[in-house]
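Commentary on secondary and tertiary structure
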Amino acid sequence: MIRAARFIFFFFILVLFSCSKEETSVLSFEAMDTFCTIKSSGKNAALVNQKARSCMQEIESLLSVTKEESDIYRINNAEVFPVKVSSITSEVVSYALSVSAKTEGSLNPALYPVTRLWGFTTGTLRVPSYEETSSALAFCDYKKVSVEKDFISMEKGMALDLGAVGKGFAGDRILSLYKENGIKSAVIDLGGNVQVLGSKPDGSAWSVGLRNPFGTGTVSLSVKVTDKAVITSGGSERFFYADGNKYIHIFDPKTGRPCSNGLASVTIVCPSGLYADSLSTALFVMGKEAAADFWKSNPDFDFIIITDDFSVYYSEVLSSSIDFYDAFTSINEVVLK
């Protein structure tokens, strides 16, 4: 009886201890040149969030274009090819190249010789001459980049930038980490790249707000999702003015100049953060008509496009999930089927 009583007592203590580990944890930090917030609910959520931050920092240390010890920096400054890289780097570069082919170059991870001329990564913002841009474009052919296992080759003078896919890849890795550690409800916001795991702890869908792309600091609309990525590309966060013109950080690979095609933002909704991240940039570059045509041929994602004339275009399946707010009442809705 004494042994049975001790067993019951220790079992009771164990149950209490296990229940005490159920928690909701929020962690904010800076990584990949942006402010990040991750929130998870479950056993040891705070500890798992710390692992998630370390995971993202590790990915940044490999993919950064400015950190001298990163794989991408070593590739961009190599004298001899191929360059040995980590499996993570080879995976992300391979994926980016596959989307480049799929989008006919609208996503171009080899455009860095052009984009660094404008100073978005160096901090020295300026408008380069057409001669400079033309010369740099000669080194931006993504088809000349090859990946063989963990070795990457390209022509000397070329340079890679995985900014259009890196956060999406990191988001997917963080969600995998959550699942491996028993977390069933989480939301991560990596500077506008939002991904959710499951539903809210109360069982309802997550409501992800899209910032008004016209610089008012308000939320223009929200979309209800579970187990989805909601990733937006637009020119309202990173831009500068020169000669009376606004220049954003999203570039047209054909011209080597910032996009100016009537789009304010493109949001992609789908299960994969990597896919959503890459397509949000690619479809922004394509422009409204080409983006809609691409979606019709590849209906494995959903989208929300906001144009400069306050029109909102979105795929039909999102109709019941979108809520518009007063801050964005002058919209013209167009549902694409």
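Notes on the structure in this doc start here. The structure presented is a predicted model; accordingly, all values stated were derived computationally and were not measured.

**Some words on the sheet that holds strand β4 (residues 146-148)**
The 3 strands lie next to each other as β3-β5-β4, forming an open sheet whose pairing is antiparallel. Of all the strands in the sheet, just β3 (83-84) and β4 have a single pairing partner and so form its edges. In the sheet, β4 pairs with strand β5 (residues 151-153) via 3 bridges, with the strands oriented antiparallel. Its bridge partner being in β5, Ser 146 is matched across the sheet by Ser 153. The strands that helix α4 (residues 87-102) touches are β4 and β5; relative to β4, the one it contacts most, it runs at about 135 degrees.

**A look at the packing of aromatic side chains**
Tallied over the entire structure, the rule returns 12 aromatic pairs. Centre to centre, the rings of Trp 118 and Phe 240 are 6.5 Å apart; their planes meet at 50 degrees, and the pair counts as tilted. Here Trp 118 is found in the loop between α5 (112-115) and α6 (130-137), whereas its partner Phe 240 is found in strand β11 (residues 239-242), with 122 residues between them in sequence. Relative to Phe 301, the ring of Tyr 275 has its centre 6.2 Å away and its plane inclined at 85 degrees; by these criteria the two rings are edge-to-face. Of this pair, Tyr 275 sits in helix α8 (residues 273-286) while Phe 301 sits in the loop between α9 (288-297) and β16 (302-307), and the two are 26 residues apart along the sequence. Looking at Lys 84, its charged tip hangs above the ring of Phe 151, at a distance of 5.9 Å from the centre. In this structure, Lys 246 is placed above the aromatic ring of Phe 239, and the distance from its NZ or CZ to the ring centre is 4.4 Å.

**Quick look at unusual backbone geometry**
The amide bond that connects Phe 81 to the next residue, Pro 82, takes the cis arrangement and shows omega of 5 degrees. Inspection of the secondary structure assignment puts Pro 82 in the loop between α3 (71-76) and β3. Unusually for a residue other than glycine, Asp 33 sits at a positive phi of about 60 degrees. Here Asp 33 is to be found in the loop between β1 (22-31) and β2 (34-43).

**Observations regarding the sheet that holds strand β9 (residues 219-225)**
Taken together, the 3 strands give an open sheet; going across it, the order is β8-β9-β18, and neighbouring strands pair in antiparallel fashion. Of all the strands in the sheet, the pair left with one neighbour each is β8 (206-211) and β18 (322-324). Neighbour-to-neighbour, the strand axes of this sheet turn through a mean angle of 25 degrees, independent of strand direction. Sheet analysis places β9 next to β18, joined by 3 bridges and oriented antiparallel. Pairing of Ser 222 across the sheet is with Asp 323, part of β18.

**Quick look at the nonpolar core**
The biggest cluster of nonpolar side chains holds 52 residues, and the ones touching the most others in it are Met 56, Val 145 and Tyr 178. Of all elements in the fold, only β1, β2, α2 (45-63), α3, α4, α7 (166-180), β6 (185-190) and α8 reach the threshold of two or more residues within this core. When residues of this core are assigned to their parent elements, the largest contribution, 8 residues, is made by α2. Ignoring any residue separated from it by four or fewer positions in sequence, one finds Val 145 in contact with Val 93, Leu 97, Ala 110, Ile 152, Ser 153, Met 154, Met 158 and Leu 160. Listed in part, the 23 residues of the second largest apolar core include Ile 248, Ala 276, Phe 284 and Ala 291.

Reading guide: rules and limits
- Residues numbered from 1 in each chain as written.
- Predicted model: local features only at pLDDT ≥ 70, side-chain atom pairs only at ≥ 80, totals over all residues.
- Heavy atoms only, no water.
- Pairing = 2+ DSSP bridges.
- Helix = DSSP H or I, 4+ residues; strand = E, 2+ residues; numbered from the N terminus.
- Contact = heavy atoms within 4.5 Å.
- Axes fitted to C-alpha atoms, helices over the stretch in contact; angles between N-to-C directions.
- Phe/Tyr/Trp six-rings, centres within 6.5 Å; stacked < 30°, edge-to-face > 60°.
- Lys NZ or Arg CZ within 6 Å of the ring centre and 35° of its normal.
- Core = buried A, V, L, I, M, F, W, Y, C linked by side-chain atoms within 4.5 Å.
- Buried < 20%, exposed > 50% of the residue type's maximum accessible area, 1.4 Å probe, protein only.

On their own, these measurements won't tell you what the molecule is for.
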